[in-house]
Amino acid sequence: MRLSPSFFYKFVIIFFVGIIVILGANKLKAQDNTTLRQILPRTSTNSIHFNNNILNQKVDSVLALMRINEKIGQLVQYSGKWNMTGPSSSKGDQYKLEKLKKGEVGSMLNITSVTSIRETQRIVMENSRLKIPLIFAYDVIHGYKTIFPIPLGESASWDLKIIEQSAAVAAKESAASGLNWTFAPMIDVSRDARWGRVMEGAGEDTFLNSEIGVARIKGFQGKNLYDNSTIAACAKHFAGYGFGEAGRDYNTVNIGENELHNVILPPFKAAAKAGVATFMNSFNDIDGIPATGHKELQRNLLKGKWNWNGFIVSDWGSIGELEAHGYAVDKKNAAEIALNAGSDMDMESYAYEAFLETLLDEKKVSITQIDDAVKRVLRLKFELGLFDDPYKYCNEERERTEVYSEENLAIARDVAKKSIVLLKNENNILPLSKSIGSIAVIGPLADDKNSPLGNWRAKAEYNSAISLLEGVKASVDKNTKIYFEKGIELTIPTVEPGQNQFLYPLKFNTTNRSGIKKAVEAAKKADVVLLAIGEDAYQTGEGRSQTDIGFKGLQMELLEAVKAVNPNIVIVLMNGRPMDLSRPSQMVPSILECWHLGSQSGYAIADVLFGDYNPSGKLPVSFPHNVGQEPLYYNQKNTGRPYNVKHVTFSGYRDAPKTALYPFGFGLSYTTFEYSDLNSSQTEIKANGSLTVSVNVTNTGEHDGEEVVQLYIRDVVGSLTRPVKELKGFQKIKLSAGETKTVTFSIDSETLQFYTVNKIWEVEPGTFNVWIGGSSEAQMMTSFSVVE
Ligand code: BGC
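Residues numbered from 1 in each chain as written. Predicted model: local features only at pLDDT ≥ 70, side-chain atom pairs only at ≥ 80, totals over all residues. Heavy atoms only, no water.

**Student:** Looking at this model, I keep getting lost on the overall build of the protein. Mind explaining?
**Tutor:** Per the secondary structure count, the protein includes 25 helices and 28 strands. Here the protein has a C-alpha radius of gyration of 28 Å; the compact-globule value for 788 residues is 28 Å, and the two agree. For the protein, the C-alpha atoms occupy an extent of roughly 100 × 65 × 50 Å along the three principal directions. Put simply, the protein has 788 residues, and 61% of those count as buried. If you take every contact in the protein between residues at least 6 apart in sequence, the share linking residues at least 24 apart comes to 79%. As displayed, the protein offers around 30,600 Å² of accessible surface, 50% of which is attributable to carbon and sulfur atoms. Here the protein carries 85 positive and 90 negative side-chain charges, and the mean point of each set is 3 Å from the other. (Helix = DSSP H or I, 4+ residues; strand = E, 2+ residues; numbered from the N terminus. Rg over C-alpha atoms; globule rule 2.2 N^0.38 Å. Buried < 20%, exposed > 50% of the residue type's maximum accessible area, 1.4 Å probe, protein only. Contact = heavy atoms within 4.5 Å. Areas by Shrake-Rupley, 256 points an atom, 1.4 Å probe, with all protein chains shown as cover. Lys, Arg positive; Asp, Glu negative; His and termini not counted. Charge placed at Lys NZ, Arg CZ, Asp CG, Glu CD.)

**Student:** What should I look at first to understand the sheet that holds strand 21 (residues 691–699) in this one?
**Tutor:** Strand order across the open sheet formed by 3 strands is 19-21-24, with antiparallel pairing between neighbours. Across the chains shown, the open sheet's two edge strands, defined by having one partner strand only, are strand 19 (673–680) and strand 24 (740–747). Pairwise comparison of adjacent strand axes, ignoring direction, gives a mean angle of 20° for this sheet. (Pairing = 2+ DSSP bridges. Axes fitted to C-alpha atoms, helices over the stretch in contact; angles between N-to-C directions.)

**Student:** Whenever I open this one, the environment of Ile 132 confuses me. Can you help?
**Tutor:** Tracing the backbone shows Ile 132 in the loop between helix 7 (114–127) and strand 3 (135–138). You can call Ile 132 buried: its relative accessible area is 6%. Taking the C-alpha atoms as reference, Ile 132 lies 8.6 Å from Gln 74; in sequence the two are 58 residues apart.

**Student:** When you look at the nonpolar core in this model, what are you seeing that I'm missing?
**Tutor:** For soluble globular proteins, the rule of thumb is that nonpolar side chains tend to be buried together. In this structure, Trp 181, Phe 279, Ile 442, Leu 468, Leu 530, Ile 605 and Leu 609 are the most contacted members of the largest nonpolar core, which totals 184 residues. Ranked by the residues each element gives to this core, the list is headed by helix 17 (residues 367–384), at 8 residues. If near-sequence neighbours (up to four positions away) are discounted, Ile 605 is found in contact with Ile 420, Leu 468, Val 572, Met 574, Leu 592, Cys 594 and Leu 597. Of all hydrophobic cores here, the second largest spans 23 residues; its members include Val 697, Val 709, Val 763 and Val 770. (Core = buried A, V, L, I, M, F, W, Y, C linked by side-chain atoms within 4.5 Å.)

**Student:** Can you help me understand the packing of aromatic side chains in this one?
**Tutor:** When we look at a pair of aromatic rings, we describe it by the centre distance and by the angle of the planes. In this structure the tally under the stated criterion is 26 aromatic pairs. With a centroid separation of 4.0 Å and an interplanar angle of 20°, the aromatic rings of Phe 382 and Phe 387 are classed as stacked. You can call Phe 382 buried: its relative accessible area is 3%. Between Phe 768 and Phe 784, the aromatic rings sit 5.6 Å apart at their centres with planes inclined by 10°, giving stacked as the arrangement. In this pair, Phe 768 is assigned in strand 27 (residues 766–773) and Phe 784 in strand 28 (residues 781–787), connecting sequence segments 16 residues apart. Look at Phe 768 and you get buried, because its relative accessible area is 0%. A residue is classified by how much of its surface remains accessible, and Phe 784, at 1% relative accessible area, is buried. (Phe/Tyr/Trp six-rings, centres within 6.5 Å; stacked < 30°, edge-to-face > 60°.)

**Student:** Any chance you could explain the packing of helix 9 (residues 160–176) against helix 10 (residues 206–221) here in plain terms?
**Tutor:** Geometry of a packed helix pair, given as the angle between the helix axes and the separation of the axes. Closest axis-to-axis distance for the helix 9/helix 10 pair is 7 Å, and the angle between their directions is 35°. The handedness of the crossing between helix 9 and helix 10 is right-handed. Only Glu 211, Ile 212, Ala 215, Arg 216, Lys 218, Gly 219 and Phe 220 of helix 10 make contact with helix 9, whose side of the interface consists of Leu 160, Ile 163, Glu 164, Ala 167, Ala 168, Ala 170 and Ala 171. Of the residues that constitute the contact of helix 9 with helix 10, the class distribution is 9 nonpolar, 1 polar and 4 charged. (Left-handed = near helix turned anticlockwise from the far one by under 90°. Nonpolar A, V, L, I, M, F, W, Y, C, P; charged D, E, K, R; others polar.)

**Student:** Please clarify how the side chain of Lys 392 should be interpreted in this entry.
**Tutor:** Considering the arrangement of structural elements, one finds Lys 392 in the loop between helix 17 and helix 18 (396–402). Within polar-contact distance, the side chain of Lys 392 engages the backbone oxygen of Tyr 226 at 2.5 Å. Among the polar contacts listed, one links the side chain of Lys 392 to the backbone oxygen of Leu 384, at a separation of 2.7 Å. (Polar contact = N/O pair within 3.5 Å; in protein donor to acceptor, adjacent residues only side chain to side chain.)

**Student:** How should I be thinking about the sheet that holds strand 12 (residues 438–442) in this particular structure?
**Tutor:** The strands that make up a sheet are held in pairs by hydrogen bonds between backbone atoms, and each pair lies either parallel or antiparallel. An order of 11-18-17-16-12-13 is seen for the 6 strands of this open sheet, with the pairing classed as mixed. A strand with exactly one partner marks an edge of an open sheet, and here the two such strands are strand 11 (421–425) and strand 13 (481–485). Geometrically, the sheet is characterised by an average inter-axis angle of 15° between neighbouring strands, direction not taken into account. Where strand 12 lies against strand 16 (residues 528–534), 4 bridges are found, and the strand directions are parallel. Residue pairing across strands places Ala 440 opposite Val 529, the latter belonging to strand 16. Contacting strand 12, strand 16 and strand 17 (569–574), helix 22 (residues 555–565) crosses the sheet at an angle of about 170° to strand 16.

**Student:** Can you help me understand the pairing of strand 23 (residues 726–735) in this one?
**Tutor:** Regular strands place their side chains on alternate faces of the sheet. Judged by how many residues are buried, strand 23 sits mostly within the fold: 7 of 10 residues are covered. Bridging between strand 22 (residues 705–715) and strand 23 involves 9 bridges; their strand directions are antiparallel. Bridging from a neighbouring strand, Leu 711 pairs with Gly 729 of strand 23.

**Student:** Looking at this structure, how should I read helix 7?
**Tutor:** Given 3.6 residues to a turn, an α-helix orients residues that are three or four positions apart in the same direction. In a regular helix each residue adds 1.5 Å, so 14 residues correspond to 20 Å; helix 7 covers 20 Å between its end C-alpha atoms and thus fits that length. What helix 7 keeps buried is the set Val 114, Ile 117, Thr 120, Gln 121, Ile 123, Val 124 and Met 125. Looking at the packing, one finds that the buried side of helix 7 touches helix 6 (93–101), strand 2 (107–109), strand 3, helix 9 and helix 18. (Expected span 1.5 Å × (residues − 1).)

**Student:** Could you clarify how one ought to interpret helix 11 (residues 257–264) in this entry?
**Tutor:** Every buried residue of helix 11 is accounted for by Leu 260, His 261, Asn 262, Val 263 and Ile 264. Structurally, helix 11 contributes buried residues whose contacts are with helix 10, helix 12 (266–273), strand 7 (285–286), helix 13 (295–305), strand 25 (754–755) and strand 26 (761–762).

**Student:** In this structure, what is going on with the confidence of the model for the protein? I would like to understand it.
**Tutor:** A low pLDDT means the predicted coordinates there should not be read in detail. Looking at the protein as a whole, its pLDDT mean stands at 93, while 92% of the residues score no less than 70. Scored below 50 in pLDDT, residues 1–35 makes 13 contacts in the model with residues more than four places away or belonging to other chains. The low-confidence segment residues 37–49, where pLDDT is below 50, has 30 contacts with residues more than four positions distant or belonging to other chains. (pLDDT = per-residue confidence, 0-100.)

**Student:** What is the right way to read the pattern of salt bridges from this model?
**Tutor:** Pairing between side chains becomes possible if they bear opposite charge and their charged atoms approach one another. Counted according to the given criterion, the structure contains 37 salt bridges. The salt bridge involving Glu 200 is made with Lys 236; its shortest N-O contact spans 3.6 Å. Here the residue Glu 200 occupies a position in the loop between strand 4 (181–182) and helix 10, and Lys 236 occupies one in strand 5 (residues 234–238), the gap between them amounting to 36 residues. Via salt bridges that share partners, Asp 139, Arg 197, Glu 200, Lys 236 and Glu 542 belong to a single interconnected network. (Salt bridge = Lys/Arg side-chain N within 4 Å of Asp/Glu carboxyl O.)

**Student:** It is not clear to me how the environment of Glu 630 should be interpreted in this structure. Could you clarify?
**Tutor:** Looking at the secondary structure, you find Glu 630 in the loop between helix 24 (601–609) and strand 19. Here the alpha-carbon distance between Glu 630 and Val 787, two residues 157 residues apart in the chain, equals 38 Å. Residue contacts for Glu 630: discarding those within four places in its chain leaves Arg 191, Asp 192, Ala 193, Arg 194, Ile 549 and Pro 624. Polar contacts involving the side chain of Glu 630 include one to the main-chain amide nitrogen of Ala 193, which spans 2.9 Å.

**Student:** How should I be thinking about unusual backbone geometry in this particular structure?
**Tutor:** Most peptide bonds are trans, and most residues other than glycine sit at a negative phi. For the peptide bond that leads from Ala 184 to Pro 185, omega is 5°, which places it in the cis range. Assignment of secondary structure puts Pro 185 in the loop between strand 4 and helix 10. Residue His 237 is reached from Lys 236 by a cis peptide bond, and omega for that bond is 0°. Looking at the element boundaries, His 237 is found in strand 5. Its identity is not glycine, yet Tyr 404 carries a phi of approximately 60°, on the positive side.

**Student:** Can you help me understand the packing of helix 4 (residues 52–63) against helix 17 in this one?
**Tutor:** Between helix 4 and helix 17, whose axes approach to 9 Å, the crossing angle comes to 120°. Accordingly, the angle class assigned to the pair helix 4 and helix 17 is oblique. Crossing hand, helix 4 versus helix 17: right-handed. Residues Asn 52, Leu 55, Asn 56, Lys 58, Val 59, Asp 60, Val 62 and Leu 63 of helix 4 pack against Asp 371, Val 374, Lys 375, Leu 378, Arg 379, Phe 382 and Glu 383 of helix 17. In the contact of helix 4 with helix 17, the residues fall into 7 nonpolar, 2 polar and 6 charged. (Parallel < 35°, antiparallel > 145°, perpendicular 65-115°, else oblique.)

Below is the structure:
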């Protein structure tokens, strides 16, 4: 049937008039102060999460009501002035307030507490035309007020269950305080100990970062974002931030496609697959393109190929920084580049709000792109339930009872003790007996109640951690004598006590030795010395790169002085990065790696020192012989000259080994484990086939213990050179003294594939070596082949 032209035109006119009437009616409703949730179709809470159609319908119905300034507003994020985590913002409070009233802000960060959040939300709900609730974000990196070990430390537990649990507690405390969104987990593979932010991730390995990243996302987001105790997570920093040249923060990243796809991106892909609600892009440029303006990564790969439907927030001011990179001529151009590249929300650059509308008029950005970004933001607001009740996370009673509870502190202690790594234990000096005659607790960190909280400590109270000294006192028998001497100060204060050190540099004490004498006297009297040295909390974290990863200030002098009178020293190391332990490791019989362990630090350390808990942590990063080896990681390439022969022309150093002092995956226990009978179920498989490998692990010592059994593979010949070993699986098992268990791993195409010369993920035929053992230096090996 053919329609007459006049009928067709009438139909078109009626159709558009109808749409205009509907939109107009909706606008009127909104102007009449009818809240959006009244005009939207209601659904039962859970179905929001699972029913995409209804969710999209809701998002579209809000979008249809929005004017361009309101749309752009959803893409704007401001910081509350009280808590800066970047260079100061250019705009004052009054400016932000006016914007909030006009509904031209989508999210706030750094506003904490139910009272402040409710007050800020109220400004939007009572003044703006459409009353679209704000999302409140905060850097909840390793706990909210109950502080857990820094992420690097927690990763040393290799225990995905407790890592998930720790994120769940952090989410619960945050949500009880009114927050909806954390900027965590950081899943940047970090191989350079000089980089200060190595403390914030899961270390040097791609697989470990993927597994731990997903566990953290599950913990934060739970099964349902609508739940009152879960918050949205954020996979950051997309991408390459951990590879800044020379370990310098924010620095250029020069890597090729092979490293990008095989090393850096897999944790992000895993996060997207696990349904992480948001991504954050990064400050660095990669091979000439700043990540914030990287269309290939954000729009084409993440949102395109990976089909991920969350939104990307810029890093602090990173849209504006496109100008400083020399990638945009001005801020307007930066806004254009960032939006086109797929950055959805502008954190503290003030670029989108200033220029997107003009850019739209000039057709330099499209309404489709803006709408897409807005929809992504609205979608999360629906998923969180903020449209149903913008104040649903604002409950003082919950804030009072659920934050920093006894129950949460007990979990923090459990996680902390499981994060400790025993690096050295000559003559089984540890565990100590609780009825030992005397202990000298010495060192600048020995009674420090602040450093164990680490950097990125959210709402931790100043000086609220249990110190080592407190932990020891609580553990030993009443007859044990404890001599405490600080010996030296590590730092000279540069801020008032209690003031946030986050943005300010530290100054180290290099002159005041006045306490060393007393420390020596204490050491002389004691059966054993616990020497607490390492790093101040603010030696690592953002902007805290160092060229020297040794012991700052007078710490080595203190060690030498103490050692001269008492060699029975256990170094209780507190730090946020791999340190140069080459000299100390030769000087003392025992080193216990205790990171910055959080609120319950001292109790957790005492649990291990006195044998209530048998240490089970393994290093998530290699500890070098010296800083010159950095970046140091176990999964290097073989090179064409790997051999350690007697002349000089091989790939190594003339003044240090090329391997680690303490390798990735390494950690001792009070018991010993032996591996035997490594077996592979097949010697040949097809590319889409699978096999299992198994090994027997026996506890050959006298204590019950836990072991992290690790699976490594090597793809011997590839279309691109492949690492000498790659972690592909791990299982943490418990073994009673004398017990043997068989541990089995499955290997399939997921395990064996890589991003090949064909620029796709595929399994290439050839020989694969397999190792199973207790560290990346596992020796027991078998092989199999993948055949065409
Ligand atoms: C950091 C981010 C952080 C943001 C907000 C930036 O400086 O790089 O990781 O989430 O500030 O505080």
